[in-house]
Amino acid sequence: MDKPYAPSCDRNRDPILAVLREHFADRREVLEIGSGTGQHAVHFAAALPHLVWQCSDRPENLPGIRLWLADASLGNTPEPIALDVNGAWPTRPYDAVFSANTLHIMGWPEVERLFERLPSVLAADAVVAVYGPFKVGGRHTSESNAAFDATLKAKAAHQGLRDVEAVDALAQGAGLALAVDRAMPANNRCIVWRRAPAA
Ligand SMILES: C[S@@+](CC[C@H](N)C(=O)[O-])C[C@H]1O[C@@H](n2cnc3c(N)ncnc32)[C@H](O)[C@@H]1O
């Protein structure tokens, strides 16, 4: 089996890394949800060696992720774990969670499920970072995002770009406070939340 390869990861990894350098500087253990190929994981884990980067994804993606991790042979990328947001979640806390390009692939009920279950894996001061294309104020931020949304929906009706405000509302419901909503290259966004202290 050849390593799976997503060209987009080569384009977006350094802009994302710049955000993670800032917001994950004081973090220790990251759970990545929907690691995909594993390319982001090896790039971020190599650049941020103070972190333990825990990949996860649906079981069918784990063999490809393992190939990337084995090739990189880093000391801070444990064996990837199976995590479908609809199924069983890890039973231990992480002080950071990262997910890229997943919320428009999951159906909305799965996005809701993700934020429902998220608190169960968050340490008290956890930071959550999500990257991808979003609508803002109910509108697409570019023609290319509108076209991408239409392509997704034509192939799979449950997929599609999410409203950043609707996702933030789910995050607030999960006890997270918005820290940053940053416009990124190619009409993407990186949104960072911090677990709000218990009232
Ligand atoms: C477009 S890929 C993004 C992969 C990678 N994060 C990246 O940015 O290249 C979407 C990812 O979401 C994952 N995904 C979709 N539905 C999921 C679910 N219900 N639970 C967990 N992961 C899911 C897929 O398996 C896939 O890895």
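Higher on the page you've got the structure.
The following refers to the structure shown. (Residues numbered from 1 in each chain as written. Predicted model: local features only at pLDDT ≥ 70, side-chain atom pairs only at ≥ 80, totals over all residues. Heavy atoms only, no water.)

Here we take up the sheet that holds strand 5 (residues 94–100). Across the sheet, six strands lie side by side as 2-1-5-6-10-9; this open sheet has mixed pairing. Of all strands in the sheet, those with a lone pairing partner are strand 2 (52–54) and strand 9 (176–184), marking the two edges. In this sheet, adjacent strand axes meet at a mean angle of 20 degrees when their direction is disregarded. Relative to strand 5, strand 1 (residues 29–32) runs parallel, the two being bridged by three bridges. Bridging from a neighbouring strand, V30 pairs with A96 of strand 5. Sheet strands touched by helix 1 (residues 7–23): strand 2, strand 5, strand 6 (122–132), strand 9 and strand 10 (188–195). Its angle to strand 9, the strand with the most contacts, is close to 145 degrees. (Pairing = 2+ DSSP bridges. Helix = DSSP H or I, 4+ residues; strand = E, 2+ residues; numbered from the N terminus. Axes fitted to C-alpha atoms, helices over the stretch in contact; angles between N-to-C directions. Contact = heavy atoms within 4.5 Å.)

Not every one of the 18 residues close to the ligand is listed here, only the nearest: G34, D57, N61, V85 and A100. One of the backbone N or O atoms of G36 is found 3.5 Å from an oxygen atom in the ligand. The separation between an oxygen atom of the ligand and a polar side-chain atom of N101 is 3.0 Å. Burial of the ligand by the surrounding chains reaches 87%, relative to a free accessible area of 590 Å². Counted by class, the shell around the ligand contains six nonpolar, eight polar and four charged residues. (Near = heavy atom within 4 Å. Polar contact = N/O pair within 3.5 Å; in protein donor to acceptor, adjacent residues only side chain to side chain. Areas by Shrake-Rupley, 256 points an atom, 1.4 Å probe, with all protein chains shown as cover. Nonpolar A, V, L, I, M, F, W, Y, C, P; charged D, E, K, R; others polar.)

Within this structure, the stated rule accounts for zero disulfides. Lacking any disulfide linkage, C9 is separated from the closest cysteine sulfur, that of C55, by 11 Å. For C190, which is in no disulfide, the shortest distance to another cysteine sulfur is to C9 and amounts to 14 Å. With a relative accessible area of 0%, C190 lands in the buried category. (Disulfide = S-S within 2.5 Å. Buried < 20%, exposed > 50% of the residue type's maximum accessible area, 1.4 Å probe, protein only.)

This part is about the pattern of salt bridges. Across all of its chains, the model carries 12 salt bridges by this definition. R27 is paired through a salt bridge with D26; the nearest N and O atoms lie 3.0 Å apart. With a relative accessible area of 4%, R27 lands in the buried category. The residue R58 makes a salt bridge to E110 at a minimum N-O spacing of 3.6 Å. Of the two residues, R58 is situated in the loop between strand 3 (56–57) and helix 3 (62–72) and E110 in helix 4 (residues 108–117); the sequence distance between them amounts to 52 residues. Residue class for R58 comes out partly exposed when judged on its relative accessible area of 36%. One network of salt bridges, with partners in common, ties together D26, R27 and D125. (Salt bridge = Lys/Arg side-chain N within 4 Å of Asp/Glu carboxyl O.)

Limitation: the analysis is restricted to geometry and does not speak to function.
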